[in-house]
Amino acid sequence: MTTALDPAFDLLDDCDEAVAELEARCCEPGRSPKMAALADTLAAGRSRLAAMRDDPAAAPAVLAVLENAGAQIGRLQIGCCAPSRLPLYARLLENLMSVQLIVAGAAPREG
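A. Structural view of the pattern of salt bridges. A complete count under the given rule lists 5 salt bridges for this structure. For Arg-53, the salt bridge is made with Asp-6, and the minimal N-O distance between the two is 2.9 Å. Separated by 47 residues along the polypeptide, Arg-53 in helix 2 (residues 32-54) and Asp-6 in helix 1 (residues 2-25) bring together distant segments of the chain. On the accessibility criterion, Arg-53 (29% relative accessible area) is partly exposed. Between Arg-25 and Glu-21 there is a salt bridge; the shortest N-O distance is 3.0 Å.

Right under this line is the structure:
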């Protein structure tokens, strides 16, 4: 299971880098707490993903955190005043989608 999930950790690391870049380039200080909240959500996702190494049935918890992160990213993206940062938001969402596919593929099948 560890090997199958390794790429998901790499993708979440890339998300962390994108969030840091977004925060560094943001001209609106009021968005900083929202960026910090997103970073915390991504950390929670990483923690739940780590738990999935021992318990593949933890997949729904991982997916719930990814869903929350996606919603946060969407809110930040819509409120962003700089189109030049849109590729960073797209990168975040693409990474989350890839993590979702990895988690779904590693989760136990029902039925």
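Structure's up, so let's keep going.
B. Expanded view of the side chain of Asn-95. Note on placement: Asn-95 falls in helix 4 (residues 86-106). Only 2.7 Å separates the side chain of Asn-95 from the side chain of Asp-14, close enough to count as a polar contact. Apart from residues lying up to four places away in sequence, Asn-95 is in contact with Leu-11, Asp-14 and Cys-15.

C. Local environment of the nonpolar core. In terms of nonpolar packing, the biggest core is built from 32 residues, with Leu-42, Leu-49, Met-52, Tyr-89, Leu-92 and Leu-96 touching the most fellow members. Mapped by element, the contributors of at least two residues to this core are helix 1, helix 2, helix 3 (59-79) and helix 4. Take this core: its biggest share by element is 9 residues, from helix 1. Ignoring anything within four residues of it in the chain, the contact list for Tyr-89 reads Leu-22, Arg-31, Met-35, Ile-73, Leu-76, Gln-77 and Cys-80.

D. Quick peek at the packing of helix 2 against helix 4. In contact at an axis separation of 12 Å, helix 2 and helix 4 are set at 20° when each is read in the N-to-C sense. Here helix 2 is positioned roughly parallel relative to helix 4, judged by the angle of their axes. Remark: the crossing between helix 2 and helix 4 carries left-handed chirality. Between helix 2 and helix 4, the residues in contact are Met-35, Leu-42, Leu-49 and Met-52 and Tyr-89, Leu-96, Val-103 and Ala-106, respectively. Considered class by class, the residues forming the contact of helix 2 with helix 4 number 8 nonpolar, no polar and no charged.

E. Geometry of helix 4. Relative to the 30 Å expected for 21 residues at 1.5 Å per residue, helix 4 spans 31 Å between its end C-alpha atoms, a close match to the ideal helical length. What helix 4 keeps buried is the set Leu-88, Tyr-89, Leu-92, Asn-95, Leu-96, Val-99, Ile-102, Val-103 and Ala-106. Taken around the axis of helix 4, the buried residues stretch over an arc of 145°, which confines them to a single face. For helix 4, the exposed residues set more than 90 degrees away from the buried face come down to Pro-87, Glu-94 and Leu-101.

F. Summary view of the environment of Leu-96. When you line up the elements, Leu-96 lands in helix 4. Dropping the residues within four chain positions of it, Leu-96 is found in contact with Leu-12, Cys-15, Leu-42, Leu-66, Ala-69, Gly-70 and Ile-73.

About the criteria used
- Residues numbered from 1 in each chain as written.
- Predicted model: local features only at pLDDT ≥ 70, side-chain atom pairs only at ≥ 80, totals over all residues.
- Heavy atoms only, no water.
- Salt bridge = Lys/Arg side-chain N within 4 Å of Asp/Glu carboxyl O.
- Helix = DSSP H or I, 4+ residues; strand = E, 2+ residues; numbered from the N terminus.
- Buried < 20%, exposed > 50% of the residue type's maximum accessible area, 1.4 Å probe, protein only.
- Polar contact = N/O pair within 3.5 Å; in protein donor to acceptor, adjacent residues only side chain to side chain.
- Contact = heavy atoms within 4.5 Å.
- Core = buried A, V, L, I, M, F, W, Y, C linked by side-chain atoms within 4.5 Å.
- Axes fitted to C-alpha atoms, helices over the stretch in contact; angles between N-to-C directions.
- Parallel < 35°, antiparallel > 145°, perpendicular 65-115°, else oblique.
- Left-handed = near helix turned anticlockwise from the far one by under 90°.
- Nonpolar A, V, L, I, M, F, W, Y, C, P; charged D, E, K, R; others polar.
- Expected span 1.5 Å × (residues − 1).
- Arc of directions from axis to C-beta.

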